[in-house]
Amino acid sequence: MLTRKNNRRLLLYIGTIILGLLFALPFLYTIYTSVIPMRHVNTLTSPANWTFENFKIFFTNDAYNVPRWFLNTVIMTGAVVIGNLIINPMAGFALAKLNFKGKGLIYWIVVATMMVPYHMILIPVYVNVAQLGWLNTFWGLTVPFLYQGLYIFMLRQFFISVPNEFLEAARMDGLTKMGAFWRIVYPLARSSLITMSILAFAGTWNSYLVPSTLANTPEMYVLVVGLNSVKDMFFENTPMIMAGVVLSTLPIILFFFLFQRQYIEGISNAGVKG
Amino acid sequence: MSDYSSKHADLKGNKIRQSWFRSLADSDKTLGWLFTLPFLILWAWWFLYPFIQSFVRSFQDANFAALDQAKFIGLENYVTILQDKEFFQALLHSLEIVVISIPIQTVLGLLLAILVNQKLKGKGIFRTVFFIPYITSQIAITTVFMMLFKQGTFLTKFFGALGFGNVTWFADTNYALLFVCILFIFQQAGFTMIVYLSGLQEIPKDLYEAGEIDGASKWNKFRYITVPFLKPITFFIVSVSTIAGFQIYDQIAAISRYGALGSPAGATSTVVTYFYQHGIRYMNIGYGSAAVVLFFIIIMLITYLQKKFLDEKE
Amino acid sequence: MGKMNKKFSAMLVLCLALVVSLSACGGSKSADNTDKASGDKAEKVTVNFGFWGTAQDLEIYQKAADTISEQYPEIELKIKQYPSSEQFWNTLPGEIAAGVAPDFIKMSNEGAYEYINKGLFSPIDDLVQTTGVDMNRFPDTSKKIWNVDGKQYGVPNSDMPAMFFINEQMWKDAGLGEYPTTWDEVIEAAKVLNKGDVKGIIVNLDAFHITNYVKSFGGGWGNGETINSPENVKALEMIIDMYDQGLAVTPKSLGFGWDGEVFSNEQGAMSTGGYWYKGYLKDANPDLKMVAIPVPKGTTNGSTMSSDAYMVLKDGKNKEAALKAAYYMTNDDTQTAFMELGFNPAVSSLSEQYFEKNPEFKALQPALEYSTDYGYPTDTKRFTDELVKELEGLILGGSGKTAQQILDDIQAQFK
């Protein structure tokens, strides 16, 4: 009995590790490509040939202000995630748990918003930003993105599963619905808010199209844009590009690794003792 | 509200405000709008207004170098698109990507979520690893996959043994779209995983406990507790992935680098690349906008159907 | 369910209502980004120059911006670097609409014809008169490339003919003698060079390369007039034939992005290409020795000229100052700096030095005389996309079309 269980666990580990390797492979190969000289691209070469030159250039060439770009990215991402943490849950809650006229309409507005490729509205958005004098400012990079239809939709789906008994219990205790939301639902929905933060963080941190359009002076580049502006003479220098990818991805990986621990059972821990 | 507040109006202003506030914060009607207002304001200014401008463009013959000379041409753009067989080919490709990828990545994501929700040593690392493809630049991932799916690599030989051709996948008109699907599944599985992962956290334990008392098997618990509870989330994942599948762009751009978008020979053209080609690359912004409006109507219909069949009834 | 339907249609109605009301009252709100020039300082005119390129380019331009006041004290030149050409074209429509587009940019002739014809740029003939800029500085061949319908659009910066590259080592190892001057000789050599993993010749299914083949048969696209000319058909037939014989390969089938990668990985012995091979090979395969010769003859001498030039945007605020600044960019210092980076200056007096500094390109000097513009149709990108698509359809997709059918089909779309 015990050995059978052990075997099962062993199998589970082996399976997970194989899957893990499969998923890690492209990124590992990205890292590998970032540490080899260009002439070895597409071939496997021994560690003796590995080099950090591709990374060094980002920190030694005056044209690349990586610390500044990093700071810009942190500010942009931070502001967007915080905005999303306030605006989206409110709207998601309203759509999931409140009955009011116009709710169906707002629901479809949220859904429809996700469907338009951003490229289509980029030109008018640009003009909008320019008219406000927000080009190459953090305002332009953050304000239009403080909400996301996608996450409102996601949170609505999560909040639907919140038992109504919670809200009723909260009202028994004298809380208004608004109070119930902020004091009970919001903290309980922790794991879905963490998911949203992770997704919003990754999405904003990695975004290229919007920041490169709305902020295209070297001082206002965000990391992804700045690292992408590094071009060799005429054609792409693959190792250098990959070094840029590694540099810009590591912070998100770290962010995720730290935050995934927060996935401890939310609602089930609190229990519905009411 | 009226009774209580009017009675005590003169006595304690404070109370009145409180009760006024209370009714505001407790009524579904006002609170519903109050809670959605920040979103609606931003949306109107940063989405609706730009969208309408683009929508108007779809009735114009407009090239972006000379927008001041744009002419109103009614429905001509729409008529031309609907007569263009390349548009329908692109639409078909988009549908193929969605139909092939979504079931696989949804099931895969759920399996991964269950896997990393177990008591597993180092599960934080596994979660991170499964999530990495979603957060890495898709252009980089595609570049790496392109190195792996070349003629003669171990992967193409492996697939060759399974009956696929030993060819460079993204250069072969038969395999290029499948290659895009693989990339998309690989990317989206991490997203699906973490959404399901947080969904799993919220299943009340007592549900399982009740199941145990009834002597349900693991499979039955999964079948009758986990899956139904996750239904709203599954609906979310399926519709979001559908939209993402329709909007897939970076991967195709990377495959077509230095060539024509949708390479080889249009085998990977999608509705979005069609829009991008005509609206941006060929500068015909009016025509491109019309393509997106059609695209919008199509996904709206699909999402509407998905909601009908997959979402909780209200 | 009916309820949902109603909501859904209510939203569409609302949207439409908004569309109607908003499109009635505005949409043409011209965005005058009130002058940021803030010209307090003695009437200085600010000119914005936009470009995409490398850090070295930026350095050269920055230097030009710092010294421009020596020649044009009234001009302040600002350099704006875009992360990539794609990014530039993505941003430009918005910039134009918002009135913050650059006053002039640098562009290659591979795509310029389309933008000129679609009204993005301003002809400079009148400006040349009023500013006294000396256009005689540039040879006629360069000026001609930037002349459309008798109007001059660009201040030329550099010109370089397309080339044909040979892997010297492979050539020698195969015991081949003189380098080829005709395609027939190339095909014979390709048969010898074609062995194992190495393909005799790389024929990238890309408009640049195909255009060079058709030009060497005395053909060309004629700005869309002569797409299916007999010369073009003949050139294409030869290419298809090389594929049929298994001598040719396109980078994509080997999993590469462009011909230079195949060449540097020594999986192809010969290829059409351009001056960018030098810089690329220096990084990608420093040990490889290449030979650069003019594009071989089909029936005549013919190849494309890669040129770039400074062009003034139509919507610019001060076009005269922009032209002066553009002209200043072609001064000897700037041109010499670009020469170091491998560009052949479009200034006759400096061009001679270029071939001394880049001896490997010496054989190309005569080709400067007969190389010409690409001659793409106005819808350049649509044309090149279509051409590539058709060729990929044949070579990678087995569409079974003949050269004549392919070119006829394309011609039908570009009447």
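All figures in this text were calculated on a predicted structure; none of them were measured in a lab.

Novice: Any chance you could explain the interface of chain B and chain A here in plain terms?
Specialist: Quite often, the size of an interface is put as the accessible area lost when its parts meet. Counting from both sides, the interface comprises 97 residues of chain B and, opposite them, 99 residues of chain A. When chain B packs against chain A, close to 9,000 Å² is buried across both sides, 75% of that on carbon and sulfur atoms. Applying the counting rule to chain B against chain A returns two salt bridges. Two residues, Asp-28 of chain B and Lys-177 of chain A, come together in a salt bridge whose shortest N-O distance is 2.4 Å.

Novice: Teacher, can you tell me more about the UniProt feature "transmembrane region" (unreviewed entry) in chain B here?
Specialist: As recorded in UniProt, the feature "transmembrane region" (unreviewed entry) lies at residues 31-52, 97-116, 128-149, 175-197, 229-249, 255-276 and 285-305 of chain B. Taken as a whole, residues 128-149 of chain B contains 86% helix and 0% strand, while its terminal C-alpha atoms sit 25 Å from one another.

Novice: Would you mind going over the domain arrangement of chain B with me for this structure?
Specialist: All names here are of chain B. Partitioning chain B into structural domains gives domain 1 (20-58) and domain 2 (77-311). Taken over C-alpha atoms, the centre of domain 1 sits 31 Å from the centre of domain 2. Domain 1 puts four residues into the contact, and the matching count from domain 2 is seven residues. Both sides of the domain 1 and domain 2 interface together cover about 470 Å² of buried area, and 69% of this is carbon and sulfur. Of all residues in domain 1, Phe-51, Arg-57 and Ser-58 give up the largest surface area on contact with domain 2, accounting jointly for 78% of the area buried on that side. Summed over the shared surface of domain 1 and domain 2, the result is zero salt bridges. Between the two partners, domain 1 and domain 2, sit two residue pairs in polar contact (both at pLDDT 80 or more). Partitioning the side of domain 1 that touches domain 2 into residue classes produces one nonpolar, two polar and one charged.

Novice: Just to check I follow, could you spell out the domain arrangement of chain C for this structure?
Specialist: All names here are of chain C. Segmentation of chain C into domains returns domain 1 (45-158 + 307-360) and domain 2 (163-304 + 374-412). Look at where the C-alpha atoms of domain 1 and domain 2 centre, and you get two points 30 Å apart. With 13 residues of domain 1 at the contact, the number on the domain 2 side is 13 residues. Carbon and sulfur atoms supply 46% of the area buried between domain 1 and domain 2, which totals about 1,200 Å² over both sides. Considering only the surface of domain 1 that becomes buried against domain 2, Glu-110, Tyr-113 and Glu-360 emerge as the three largest contributors, covering 48% of it. Across the contact surface, domain 1 and domain 2 share two salt bridges. One salt bridge connects Lys-118 with Asp-379, and the closest N-O pair in it is separated by 2.9 Å. Connecting domain 1 to domain 2 are seven residue pairs in polar contact (both at pLDDT 80 or more). Mapped by element, the contributors of at least two residues to the side of domain 1 that touches domain 2 are helix H4 (109-117) and helix H15 (348-357). Here the side of domain 1 that touches domain 2 gets six residues from one element, more than from any other, and that element is H4. When grouped by side-chain class, the residues that make up the side of domain 1 that touches domain 2 number four nonpolar, four polar and five charged.

Novice: Can you walk me through the sheet that holds strand S7 (residues 163-167) of chain C in this structure?
Specialist: Hydrogen bonds between backbone atoms are what pair the strands of a sheet, whose relative direction is either parallel or antiparallel. Residue and element names in this part refer to chain C. The strand order across the open sheet built from five strands is S9-S8-S10-S7-S11, with neighbouring strands paired in mixed fashion. Among the strands making up the open sheet, the edge pair consists of strand S9 (248-249) and strand S11 (290-294). When S7 meets S11, the two strands line up antiparallel, connected through five bridges. What sits directly across from Asn-167, in S11, is Met-290. Here helix H8 (residues 183-193) sits on the sheet in contact with S7, strand S8 (199-202) and strand S10 (268-273), set at roughly 150° to S10.

Reading guide: rules and limits
- Residues numbered from 1 in each chain as written.
- Chains lettered and ligands numbered in written order.
- Predicted model: local features only at pLDDT ≥ 70, side-chain atom pairs only at ≥ 80, totals over all residues.
- Heavy atoms only, no water.
- Contact = heavy atoms within 4.5 Å.
- Buried area = accessible area lost by both parts, 1.4 Å probe.
- Salt bridge = Lys/Arg side-chain N within 4 Å of Asp/Glu carboxyl O.
- UniProt positions renumbered as here; feature names shortened; annotations may be inferred.
- Helix = DSSP H or I, 4+ residues; strand = E, 2+ residues; numbered from the N terminus.
- Domains from an automatic or database assignment.
- Polar contact = N/O pair within 3.5 Å; in protein donor to acceptor, adjacent residues only side chain to side chain.
- Nonpolar A, V, L, I, M, F, W, Y, C, P; charged D, E, K, R; others polar.
- Pairing = 2+ DSSP bridges.
- Axes fitted to C-alpha atoms, helices over the stretch in contact; angles between N-to-C directions.

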